[in-house]
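Structure at a glance
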Amino acid sequence: GIMIRIHDTLPEDLLKECKELASDVLFSPHLSASQKLGIRDSYDTDGVVLFHKIEDTQIKIKITQTVLDNEMIPFTPTEFGFSYMMSGSNLKWHSDVEPMTGSLTVFLNETWDENHGGAFVYKTGHKHFDKHCIYPEENLGILLHKDMGEIPHAVIPTSKSAPVRITLQLFSKK
């Protein structure tokens, strides 16, 4: 399997809108963490990784249009959310499997110090050099699709001093 990197995934205005919404959700004083952020069962972590399902129809329409306009992305998203990885957290090795047909991760942090960890790592099955690593970079998309075969991936732990690592997560389900 291969994994595709997409630079400048979102148009500037939509990127700004997503970042503002993600931040509003995270720092909203009106909601307790449990109300606003469902902890996804499928996040296997030694720390705290929160998932917020996006309900805003307008932004979902804009994101879907962006995805459809991008020839590199071979699916239409059916699930939209923000993932928040708290400092000292990781995602263990996993593969996105049935009923999922594809996923797109878009990094939303404006800057990221590599010393904070938090790299997306994946295996391609070559014995001698089979781990690849991508550090968060604003608006960089990571595309995984079933046609590429199964691609085991993980996120290495973020350091204790790391800011919250925020991503837009799009999934396509049958």
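Here's what I pulled together on the structure shown here. In this convention, every chain numbers its residues from 1, walking through the sequence in written order. Reporting in this predicted model follows two pLDDT cut-offs: at least 70 for local features of residues, and 80 or more for side-chain atom pairs to be given and counted; totals over whole chains, interfaces and linings ignore these cut-offs and use all residues. Note that water and hydrogens are dropped before the side-chain values are worked out from all heavy atoms of the structure.

**Some remarks on the pairing of strand β5 (residues 100-107)**
Put simply, the rule reads: The buried label applies to any residue whose accessible area, calculated with a 1.4 Å probe on protein chains only, is under 20% of its type's maximum; exposed applies above 50%, and partly exposed to all values in between. Helix and strand definitions follow DSSP, with helices as H or I runs of at least four residues and strands as E runs of at least two, each counted in order from the N terminus. By the convention used here, strands pair only if DSSP detects at least 2 bridges between them.
A large share of β5 lies buried, amounting to eight of its eight residues. One ladder, built from five bridges, connects β5 with strand β8 (residues 141-145); its direction is antiparallel. Note on β8: the bridge partner recorded for Val106 is Gly141.

**Observations regarding the pattern of salt bridges**
Pairing between side chains becomes possible if they bear opposite charge and their charged atoms approach one another. Inclusion rule: Salt bridges are defined by distance alone: a side-chain nitrogen of Lys or Arg within 4 Å of a carboxyl oxygen of Asp or Glu.
Considering all chains together, one arrives at eight salt bridges under this definition. Across the pair Asp46 and Lys92 runs a salt bridge, and its minimum N-O distance is 3.1 Å. Here the residue Asp46 occupies a position in the loop between α2 (33-36) and β2 (49-53), and Lys92 occupies one in strand β4 (residues 91-94), the gap between them amounting to 46 residues. Between Asp147 and Lys146 there is a salt bridge, and its shortest N-O distance comes to 3.2 Å. Judged by its relative accessible area of 61%, Asp147 is exposed. Relative accessible area serves as the criterion here: at 45%, Lys146 is assigned to the partly exposed category. What emerges from the salt-bridge pattern is a single network uniting Lys19, Glu110 and Glu138.

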